[in-house]
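# Working through the structure, step by step
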Amino acid sequence: MELEVEGDRIADEVDKRKPQIRDIIIILLSSKTYAQLSSPEGKEFLREEVRDTVNSFLTSGKIKRVHFTEFIFN
């Protein structure tokens, strides 16, 4: 997963908070079922949910978009 941001300040904050961001993303993903994520709409909803959740605690700016670089179901 890659997070698209604008500007160095927000990029620095995202980099410094990677452990916290990863934790939040893992919690979000583990709360989802295959049925919720298997459709394009489900993936888009997850993108928005990740973006909005991470943006809720960032102080230097906002994430513009979440990009999935891999999507593996187990």
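Worth saying up front: this structure is predicted, and the values here are computed from it rather than measured.

In this section: the environment of K32. Counting through the fold element by element, K32 comes out in the loop between α2 (18-30) and α3 (34-37). With 28 residues separating them along the chain, K32 and S60 place their C-alpha atoms 29 Å apart. Filtering out sequence-adjacent residues up to four positions away, K32 remains in contact with L37, F45, L46 and E49.

With that settled, the discussion passes to the confidence of the model for the protein. Across the protein, the average pLDDT comes to 93, with 99% of residues at or above 70. Here α3 is the element of the protein with the lowest mean pLDDT, 92, and strand β2 (residues 63-67) is the one with the highest, 96.

Turning our eyes to something else, we now look at the pattern of salt bridges. By the definition in use, this model includes eight salt bridges. For E49, the salt bridge identified is with K32, shortest N-O distance 2.7 Å. Highlighted residues: E49 in helix α4 (residues 40-55) and K32 in the loop between α2 and α3, separated in sequence by 17 residues. Between R65 and E44 there is a salt bridge whose closest N-O contact spans 3.8 Å. Taken together, the residues span a long stretch of sequence, with R65 in strand β2 and E44 in helix α4 at a distance of 21 residues. Connected via shared salt-bridge partners are E4, E6 and K64.

Right, let's talk about the packing of helix α1 (residues 8-16) against α2 for a bit. At a closest axis distance of 5 Å, the pairing of α1 and α2 adopts a crossing angle of 70 degrees. Between α1 and α2, the crossing angle belongs to the class labelled roughly perpendicular. Together, V14, D15 and K16 of α1 and K18, P19 and I21 of α2 make up the contact between the two elements. Looking at the contact of α1 with α2 residue by residue, the classes come out as three nonpolar, no polar and three charged.

Core analysis: the largest hydrophobic core is formed by 15 residues, its most contacted members being I21, V50, V54, F57 and L58. Those elements that place two or more of their residues in this core are α1, α2, α4 and β2. Among the elements that take part in this core, α2 stands out by supplying four residues, more than any other. Sequence-distant contacts of F57, defined by excluding residues within four places in its chain, comprise E13, R17, Q20, I21 and I24.

Reading the values: rules and limits
- Residues numbered from 1 in each chain as written.
- Predicted model: local features only at pLDDT ≥ 70, side-chain atom pairs only at ≥ 80, totals over all residues.
- Heavy atoms only, no water.
- Helix = DSSP H or I, 4+ residues; strand = E, 2+ residues; numbered from the N terminus.
- Contact = heavy atoms within 4.5 Å.
- pLDDT = per-residue confidence, 0-100.
- Salt bridge = Lys/Arg side-chain N within 4 Å of Asp/Glu carboxyl O.
- Axes fitted to C-alpha atoms, helices over the stretch in contact; angles between N-to-C directions.
- Parallel < 35°, antiparallel > 145°, perpendicular 65-115°, else oblique.
- Nonpolar A, V, L, I, M, F, W, Y, C, P; charged D, E, K, R; others polar.
- Core = buried A, V, L, I, M, F, W, Y, C linked by side-chain atoms within 4.5 Å.
- Buried < 20%, exposed > 50% of the residue type's maximum accessible area, 1.4 Å probe, protein only.

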